[in-house]
Amino acid sequence: MLTRIPAETLDGMGVRFFADIDDLLREADFNDKDVYVMPYGGYTVSYLKDAKTTEN
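Since the model is a prediction, treat every value here as computed from it, not as a measurement.

Asker: Honestly, the pattern of salt bridges in this entry has me stumped. Any pointers?
Answerer: Working definition: two side chains of opposite charge can pair if their charged atoms are close together. Considering all chains together, one arrives at three salt bridges under this definition. Arg26 serves as the salt-bridge partner of Asp23, at 2.5 Å between the closest nitrogen and oxygen. With Asp23 and Arg26 both in helix H2 (residues 21-27) and three residues apart, this pair spans about one turn of that helix. In this structure Asp23 comes out as partly exposed when scored by relative accessible area, which is 33%. Of the charged contacts, one joins Lys33 and Asp29 as a salt bridge, the two residues approaching to 3.4 Å between their closest N and O atoms. By relative accessible area, Lys33 is classed as partly exposed at 47%. With relative accessibility at 46%, the residue Asp29 sits in the partly exposed group.

About the cut-offs
- Residues numbered from 1 in each chain as written.
- Predicted model: local features only at pLDDT ≥ 70, side-chain atom pairs only at ≥ 80, totals over all residues.
- Heavy atoms only, no water.
- Salt bridge = Lys/Arg side-chain N within 4 Å of Asp/Glu carboxyl O.
- Helix = DSSP H or I, 4+ residues; strand = E, 2+ residues; numbered from the N terminus.
- Buried < 20%, exposed > 50% of the residue type's maximum accessible area, 1.4 Å probe, protein only.

Take a look at the structure:
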């Protein structure tokens, strides 16, 4: 994730994050990966669905 959100806010999300695009491009392995571009990502709220929860 390329973001300026503070690291302590992102800890525990299960994603790698970078503040600098050059660092991201140098470190990220894009081979055989899905890439999501979210230009308005600040308007998106993600959540982790509890594996124990089932929908009927």
